[in-house]
Amino acid sequence: MIIEHDPNKVREQVKAWKKEGLTVGLVPTMGYLHEGHKSLIDRAVKENDRVVVSIFVNPIQFGPTEDLDKYPRDLNADSKLCEESGVSLVFNPQPSDMYADDFSTYIKESGPTEELCGKSRPVHFSGVCTVVNKLFNIALPDRAYFGQKDAQQLAVVRRMVRDLSMDIKIVGCPIVREPDGLAKSSRNIYLSPEERKAALVLSRAVKKGQELVDAGETDGDKIIDQMKALIEAEPLAKIDYVEMVSWDDIKVHHKVDGPILCAMAVFIGNTRLIDNFIRE
Ligand code: AMP
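Parameters and conventions
Residues numbered from 1 in each chain as written. Predicted model: local features only at pLDDT ≥ 70, side-chain atom pairs only at ≥ 80, totals over all residues. Heavy atoms only, no water. Core = buried A, V, L, I, M, F, W, Y, C linked by side-chain atoms within 4.5 Å. Buried < 20%, exposed > 50% of the residue type's maximum accessible area, 1.4 Å probe, protein only. Helix = DSSP H or I, 4+ residues; strand = E, 2+ residues; numbered from the N terminus. Phe/Tyr/Trp six-rings, centres within 6.5 Å; stacked < 30°, edge-to-face > 60°. Lys NZ or Arg CZ within 6 Å of the ring centre and 35° of its normal. Expected span 1.5 Å × (residues − 1). Contact = heavy atoms within 4.5 Å. Salt bridge = Lys/Arg side-chain N within 4 Å of Asp/Glu carboxyl O. Near = heavy atom within 4 Å. Polar contact = N/O pair within 3.5 Å; in protein donor to acceptor, adjacent residues only side chain to side chain. Areas by Shrake-Rupley, 256 points an atom, 1.4 Å probe, with all protein chains shown as cover. Nonpolar A, V, L, I, M, F, W, Y, C, P; charged D, E, K, R; others polar. Axes fitted to C-alpha atoms, helices over the stretch in contact; angles between N-to-C directions. Parallel < 35°, antiparallel > 145°, perpendicular 65-115°, else oblique. Pairing = 2+ DSSP bridges. Right-handed = clockwise from strand over helix to strand, strands pointing away.

Draft legend 1. The arrangement of the nonpolar core in detail. Ranked by size, the top nonpolar core spans 45 residues in total, and within it Val52, Phe136, Ile170 and Leu261 carry the most contacts. Residue contributions to this core peak at 9 residues, all from helix H6 (residues 124-139). With 27 residues, the next largest nonpolar core counts Leu182, Leu191, Leu200 and Val213 among its residues.

Here's what the structure looks like:
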C-alpha cells in the first residue's frame, strides 16, 4: 500500500493505473477511521480495481469556533485499517499540499446546502465542495463513496457532480452504528462516560421518528415534535436542529408524501453530533 502526501504523485499513480485499464474508487475521510469508514472502504474495494482513501482534516470546512485543532488523528492506526482492508493508496496531504498561501477559488453550492447544517455551519459546505472537487481532480475516481451518516453532504455532493457534469458515480452507504444504536463517529471520542450514555438520545429519536412513519403518521411537525421532546428530556442534550426535509433536494417539508430526510444535530456537552433517517 502506498502512503503519499503529494497530490501530483497521487495523480501520476492513478493515471498509471488507468492506463492499465483499471478502475479507481475514492473514499474521502478526515481519518481516525472506524467501522463506518470501513464499510465505505469495503464497498469500494469490492467495486473497483484500486481504492484510494484520503485522510485529510480539511481546515476550510471548519468554522472559527469549531474543533479543527482538537480533531482526533491517528495515521498509524488508519494506515493499518486501510492496508488490512485492501486499499491501494492512502492520500494524506498536509494543508499546505492542498492550499497555496494565496488560494482563492471556492465552490459554492446554493441549493441543498441552504438548510440543516448549512444554517448552523455557514462556511462548512463551501469547504466540503471545494475539497471534494480537489480530491476528485487528484484521485480521478470512477466512483466515490460517501456515508448517509452525513446525508446532507451526500445530497450536496450529488448535486455538485450533476451540476458540474463530473463523470463520477457517487455511491451512498448506510449508517453504521454501535451495538447500542449510537452512530459511529470520530467525534464520539470526545464524550465522557456520562455524555456517551446521554448521546443515545439521538438514535432513540431516530428510532421514534421511524416508528411514527412506519405507523402511518404523515404529519411532519408531529413527527419532529415527538423526536424533539425525547431529546429535550435528556439534560445533557441541547438541540441545534431537528428537521424534516425532502430527499434529496433538502427543502423544508412538512409531510411524508414522498422521499424525506429527518435529520438532527444535537450538542451533548460541547460535542456536536448528527444523526438521521431517510424514507425513500
Ligand atoms: P468523516 O471522516 O467523518 O469526514 O467521514 C468520512 C466519510 O465516512 C463520510 O462520507 C461519512 O458520511 C462516512 N461516515 C462517517 N461515519 C459513518 C457511519 N457511522 N456510517 C457510515 N458512514 C460514515
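Once you've had a look at it, read on.
Draft legend 2. Focus on the environment of Ile138. Looking at the element boundaries, Ile138 is found in helix H6. With 123 residues separating them in the primary sequence, Ile138 and Leu261 have C-alpha atoms 32 Å apart.

Draft legend 3. Just the packing of aromatic side chains, in detail. Within the structure shown, the criterion is met by 4 aromatic pairs. For the pair Phe62 and Tyr71, a centre-to-centre distance of 6.1 Å together with 75 degrees between the ring planes defines the contact as edge-to-face. What makes Tyr71 buried here is its relative accessible area of 7%. Between the aromatic rings of Phe103 and Tyr106, the centroid separation amounts to 5.3 Å while the plane-to-plane angle is 90 degrees, which identifies the pairing as edge-to-face. On the basis of relative accessibility, which here comes to 23%, the residue Phe103 falls in the partly exposed class. Aromatic rings pair up to connect Phe56, Tyr99, Phe103 and Tyr106 into one cluster. Here Lys70 stacks its cationic end above the ring of Tyr190, 4.3 Å away from the centre of that ring.

Draft legend 4. Spatial organisation of helix H7 (residues 151-163). If you check H7, its first and last C-alpha atoms are 18 Å apart, about what 13 residues at 1.5 Å a residue would give, namely 18 Å. Among the residues of H7, those classed as buried are Ala151, Gln152, Gln153, Leu154, Ala155, Val156, Val157, Met160 and Val161. In this fold, the buried residues of H7 make contact with helix H5 (117-120), H6, strand S5 (143-147), strand S6 (169-173), strand S8 (260-268) and strand S9 (271-279). Positive backbone phi, at 55 degrees, marks Ser165, one or two positions downstream of H7.

Draft legend 5. Spatial organisation of the pattern of salt bridges. Taken as a whole and assessed by the stated rule, the structure comprises 17 salt bridges. Beyond isolated ion pairs, a larger network of salt bridges with shared partners links Glu35, Glu178 and Lys184.

Draft legend 6. Local environment of the site of the ligand. Taken together, the neighbourhood of the ligand is formed by 17 residues, with His37, Gly147, Asp150, Val176 and Lys184 sitting nearest. Note that an oxygen atom of the ligand is positioned 2.8 Å from one of the side-chain N or O atoms of His37. Burial of the ligand by the surrounding chains reaches 92%, relative to a free accessible area of 480 Å². For the shell around the ligand, the secondary structure elements donating two or more residues are strand S2 (24-29), helix H2 (35-47) and S5. It is H2 that contributes the most residues to the shell around the ligand, 3 residues altogether. Here the shell around the ligand is built from residues that sort into 8 nonpolar, 6 polar and 3 charged.

Draft legend 7. Looking closely at the packing of helix H1 (residues 7-19) against H6. Look at H1 against H6: their axes get within 7 Å of each other, and the N-to-C directions meet at 50 degrees. The pairing of H1 with H6 is recorded here as oblique in orientation. Residues Pro7, Val10, Arg11 and Val14 of H1 form the contact with H6, whose own contacting residues are Asn137, Ile138 and Ala139. Grouping the amino acids of the contact of H1 with H6 by side-chain chemistry returns 5 nonpolar, 1 polar and 1 charged.

Draft legend 8. Layout of the pairing of strand S3 (residues 50-55). Burial runs high along S3: 5 of the 6 residues are buried. Pairing of S2 with S3, which is carried by 6 bridges, proceeds in the parallel orientation. Pairing of Val24 across the sheet is with Arg50, part of S3. After leaving S2, the chain enters H2 and then returns to the sheet as S3, a path that is right-handed. Strand direction decides the pairing type here: S3 and strand S4 (residues 89-91), joined by 3 bridges, are parallel. Note that in S4 the partner of Val52 across the bridge is Leu89.

Draft legend 9. Inspection of the sheet that holds S2 at higher detail. The strand order S1-S4-S3-S2-S5-S6 describes an open sheet built from 6 strands, whose pairing is parallel. Taken across any chain shown, the strands that pair with only one partner, and hence form the sheet edges, are strand S1 (2-4) and S6. Strand-to-strand twist of the sheet, defined as the mean angle between neighbouring strand axes without regard to direction, takes the value 25 degrees. In the sheet, S1 pairs with S4 via 3 bridges, with the strands oriented parallel. If you follow Ile3 over to S4, its bridge partner there is Val90. Along the sheet, H2 contacts S2, S3, S5 and S6; its crossing angle with S5, the most-contacted strand, is approximately 155 degrees.

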